[in-house]
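Listed below, chain by chain, are the residues.
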Amino acid sequence: MKKFLSRESGVTIITVTSMIVVIAVILSVIVYYARNSIQMEAFGNLRADVEEIENKAQMYYIEKGTLPIEQDVSKTRMQMEGDDEFFNPNDGDVYYLINVDLIDVNLMYDSEYYINDVTHTVYAEKTIKINGKNYPRPKEDFDRLNVASSSIEWENECYTAPSDMFSFDNDGYITGINIEFCNLHRNDSKYTRFFTDAINWKNLIIPAYQSNGQPVVGIRTDAFTNININGGVLKIPSSIKNVENSIIGSTSNLVVMYVNAKNIDIDAFNGRGFSQVNKIVIGPECHIPDGNSAGNGVFSMAQNLSEVVIGTTSLGKYAFSNCINLKNIQFESSLKIIPEGCFMNSSNANNSINVVFPDSLTRIEKRAFANGAIEELNMTEALEYIGEEAFASVNWGQPKLKKINFNGNTRITEIQQKTFIGCNNLTSVTLGDSVKIIKKSAFERCINNLSLVVCNDKLETIEDSAFKDCSALQNGSVQFNKGLKYIGHYAFAGTNLQNRNIPSGTQYESDSF
């Protein structure tokens, strides 16, 4: 009986064990497929969110000109989760948190979403891991752009330039030359356009991408101070967010610069290596920093500069001050303001500047062209303000301005103090139709050549010393208007006006003439 029971009991244990194994296998399969089903459902929800957010965010951007984002909440690419293969290679380095309430999106997947500020590509903060891959969004075959969003032709080379010539830090900044690599490939035809060896370079083309596909973010201080650039070209594309100070050494000899970096340190180009640059092209993404005095602008070292092409709307104070050989300024943007001292001290005995202001220009700030070499000032209709000493010729300046054309401008109501002081080559002035006030010393010391001043019907005030020492003014040289109310002290002192023909209702001082 016991044997029978033992035998029966043994059979029962084996059977139960087998059943448990089978059940475990079945449960594991069920759990696997359940988990996989949950993942796939979550992935489908993520996909739906991304598609809806991208579509609505783009419509929002078209309507309002801005993205539906939280401006104070952002991440860099290094802070974003997810495998590189799922990110748009054209992304900028900043991703902003999306405010889904602004675009009326009801999220299906439990995550916040970020949008890239350049490509407007959307990514989930909470990624999904499937089969060893980390998805911030569905897989998509993004075409790497050959140019930046502004589509500048000269940048093409930066988007194809090899990056293995350079060394990088963990933040994506160029820190210097990859000396070992350059010496090893000095005879490789792929690199002969760029360098002869690690020390001697022909052209310095900053790549937009690293070899790992990540963008090149910036250029560190002293990155290229140990190389010689012999009469070549420097190109910095819009993918570069920051250019730190003193990037080029004194032994270089650059000739042409193309710059489209977002931010530039005021001392980025302060070495003697920039002194022979004769042409600078500035792209639309470039923000030019302010200098704080003449000769302290970001391009002031380029004293051999003869041509500048300006594609940005963000020029800095004193940016081109002391560029004494400047001959041609070309605007390719809707620039509204030429800042203080921007082209100050840009004249010598032999040069004159050719410039056509953009129709968008509204302000020329003080000293913008002081001691400059513009021979003819052609105002635009939109121009509202010309600042103090904007075209003055003082101290050592070589006066060049001969003619002022208001061209029907009706927005300038005042000629500011000393705006044209010392412009000895100026021959005549016909005021714009809306000028009401000529301020103190506006045309003082325009000696020898200024022989005709035509006032408009709205001129009310000629302030102190406005035309003082304009010795070529004779009887009949100034055609006063009937509505003129006041002529200040010394306004025409030092001139040869005797028969003044002053309107009867005009008040003037005993020393006005």
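Here the structure is shown first, and the text comes after it.
Colleague: Quick question: what am I supposed to make of the overall build of the chain here?
Modeller: Along its length, the chain carries 3 helices and 33 strands. Counting every position in the chain, which comprises 513 residues, the buried fraction comes to 50%. Within the chain, contacts between residues at least 6 apart in sequence are counted, and of these 57% link residues at least 24 apart. Accessible surface, the chain as shown: approximately 24100 Å² in total, 45% of it carbon and sulfur.

Colleague: Mind showing me how you'd approach the sheet that holds strand β26 (residues 414–415) here?
Modeller: Strand pairing in a sheet is mediated by backbone hydrogen bonds. Such pairs are either parallel or antiparallel. Pairing is parallel across the open sheet formed by 5 strands, whose spatial order is β26-β28-β30-β32-β33. One side of each edge strand has no neighbouring strand; the edge strands of this open sheet are β26 and β33 (507–508). In the sheet, strand β30 (residues 461–462) pairs with strand β32 (residues 486–487) via 2 bridges, with the strands oriented parallel. Paired with T461 across the bridge in β32 is Y486.

Colleague: When you look at the nonpolar core in this model, what are you seeing that I'm missing?
Modeller: Nonpolar side chains tend to gather and get buried jointly when the protein is soluble and globular. In terms of nonpolar packing, the biggest core is built from 115 residues, with W201, F224, F269, F320, F443, F467 and F492 touching the most fellow members. Those residues in contact with F467 that sit more than four places away from it in its chain are I438, F443, L450, V453, I462, L473, A491, F492, A493 and T495. Counting residues in each nonpolar core, the second largest holds 23 residues, with F43, F86, V105 and Y113 among its members.

Colleague: I would appreciate a short explanation of the pattern of salt bridges in the present structure.
Modeller: Where charged atoms from two side chains of opposite charge approach closely, those side chains can pair. All chains considered together, the criterion is met by 18 salt bridges. K133 is paired through a salt bridge with E85; the nearest N and O atoms lie 3.6 Å apart. Residue K133 is found in strand β6 (residues 133–135), and its partner E85 is found in the loop between β1 (69–76) and β2 (94–98); the two are separated by 48 residues along the sequence. You can call E85 partly exposed: its relative accessible area is 35%.

Colleague: Looking at this structure, how should I read the sheet that holds strand β14 (residues 242–243)?
Modeller: Pairing within the open sheet is mixed, and its 5 strands lie in the order β7-β8-β11-β14-β16. Here the strands that pair on one side only, and so sit at the sheet edges, are β7 (166–168) and β16 (263–264). Taken together, the 2 bridges between strand β11 (residues 218–219) and β14 define a ladder with parallel strand orientation. Across the sheet, the residue bridging to G218 is N242, located in β14.

Colleague: It is not clear to me how a nonpolar patch on the surface should be interpreted in this structure. Could you clarify?
Modeller: Residues M59, Y61 and I62 make up a contiguous nonpolar surface patch of about 310 Å² in total accessible area. Positionally, I62 belongs in helix α1 (residues 2–64).

Colleague: Which parts of the structure should I look at to understand empty space enclosed by the protein?
Modeller: If you roll a probe as big as a water molecule over the atoms, it shows you where there is empty space left. Scanning the entire structure with this criterion turns up 1 cavity of 30 Å³ or more. Here the largest cavity is characterised by a volume of approximately 80 Å³. Around the largest cavity, the lining residues are F369, N371, G372, A373, I374, F391, A392, S393, P399, K400, L401 and C423. Split by residue class, the lining of the largest cavity holds 8 nonpolar, 3 polar and 1 charged.

Colleague: What is the right way to read the side chain of D197 from this model?
Modeller: In this fold, D197 is placed in the loop between α3 (179–184) and β9 (200–201). When its relative accessible area of 14% is taken as the criterion, D197 is described as buried. A distance of 2.9 Å separates a polar atom in the side chain of D197 from the backbone nitrogen of I199. Within the structure, the side chain of D197 is placed 2.8 Å from the backbone nitrogen of N200, a separation counted as a polar contact. Beyond its immediate sequence surroundings of up to four residues, D197 is in contact with N183 and R186.

Colleague: Would you mind showing me how to read the packing of aromatic side chains here?
Modeller: Taken as a whole and judged by the stated rule, the model has 27 aromatic pairs. Centroid distance F87 to Y95: 6.2 Å. Interplanar angle 85°. Geometry classified as edge-to-face. Looking at Y95, the relative accessible area reads 1%, which means it is buried. Residues F269 and F299 carry aromatic rings whose centres are separated by 5.7 Å and whose planes lie at 10° to one another, so their mutual orientation is stacked. A residue pair is termed long-range when its members are at least 10 positions apart, and F269 in the loop between β16 and β17 (279–282) and F299 in the loop between β17 and β18 (307–310) qualify at 30 residues. Neither F269 nor F299 differs from the other in exposure class; each is buried. Between K235 and the ring centre of Y258, over which it is positioned, the NZ or CZ distance is 5.3 Å.

Colleague: Is there a simple way to think about a negative patch on the surface in this case?
Modeller: Taken together, E70, D72, D101, D104 and E112 make up a surface patch of like negative charges. The class for E70 is partly exposed, based on a relative accessible area of 32%.

Colleague: Please clarify how unusual backbone geometry should be interpreted in this entry.
Modeller: Leave glycine aside and you will find that most residues have negative phi; peptide bonds, for their part, are mostly trans. Phi at D222 takes a positive value of approximately 65°, unusual for a residue other than glycine. Inspection of the secondary structure assignment puts D222 in the loop between β11 and β12 (228–229). By relative accessible area, which is 42% here, D222 ends up partly exposed. Of note, N448 is a non-glycine position whose phi angle comes to about 75°, a positive value. On the secondary structure map, N448 appears in the loop between β28 (437–438) and β29 (452–454). N448 gets classed as exposed once you look at its relative accessible area, which sits at 56%.

Cut-offs and rules
- Residues numbered from 1 in each chain as written.
- Predicted model: local features only at pLDDT ≥ 70, side-chain atom pairs only at ≥ 80, totals over all residues.
- Heavy atoms only, no water.
- Helix = DSSP H or I, 4+ residues; strand = E, 2+ residues; numbered from the N terminus.
- Buried < 20%, exposed > 50% of the residue type's maximum accessible area, 1.4 Å probe, protein only.
- Contact = heavy atoms within 4.5 Å.
- Areas by Shrake-Rupley, 256 points an atom, 1.4 Å probe, with all protein chains shown as cover.
- Pairing = 2+ DSSP bridges.
- Core = buried A, V, L, I, M, F, W, Y, C linked by side-chain atoms within 4.5 Å.
- Salt bridge = Lys/Arg side-chain N within 4 Å of Asp/Glu carboxyl O.
- Patch = residues over 30% accessible without salt bridge, like charges linked within 9 Å, V, L, I, M, F, W, Y side chains within 5 Å.
- 1 Å grid on protein atoms, 1.4 Å probe; cavity = no way out; pocket = protein on both sides within 12 Å on 5 of 7 lines; lining within 4 Å.
- Points joined across faces, edges and corners; volume = space filled by probe spheres on them.
- Nonpolar A, V, L, I, M, F, W, Y, C, P; charged D, E, K, R; others polar.
- Polar contact = N/O pair within 3.5 Å; in protein donor to acceptor, adjacent residues only side chain to side chain.
- Phe/Tyr/Trp six-rings, centres within 6.5 Å; stacked < 30°, edge-to-face > 60°.
- Lys NZ or Arg CZ within 6 Å of the ring centre and 35° of its normal.
- Lys, Arg positive; Asp, Glu negative; His and termini not counted.
- Charge placed at Lys NZ, Arg CZ, Asp CG, Glu CD.

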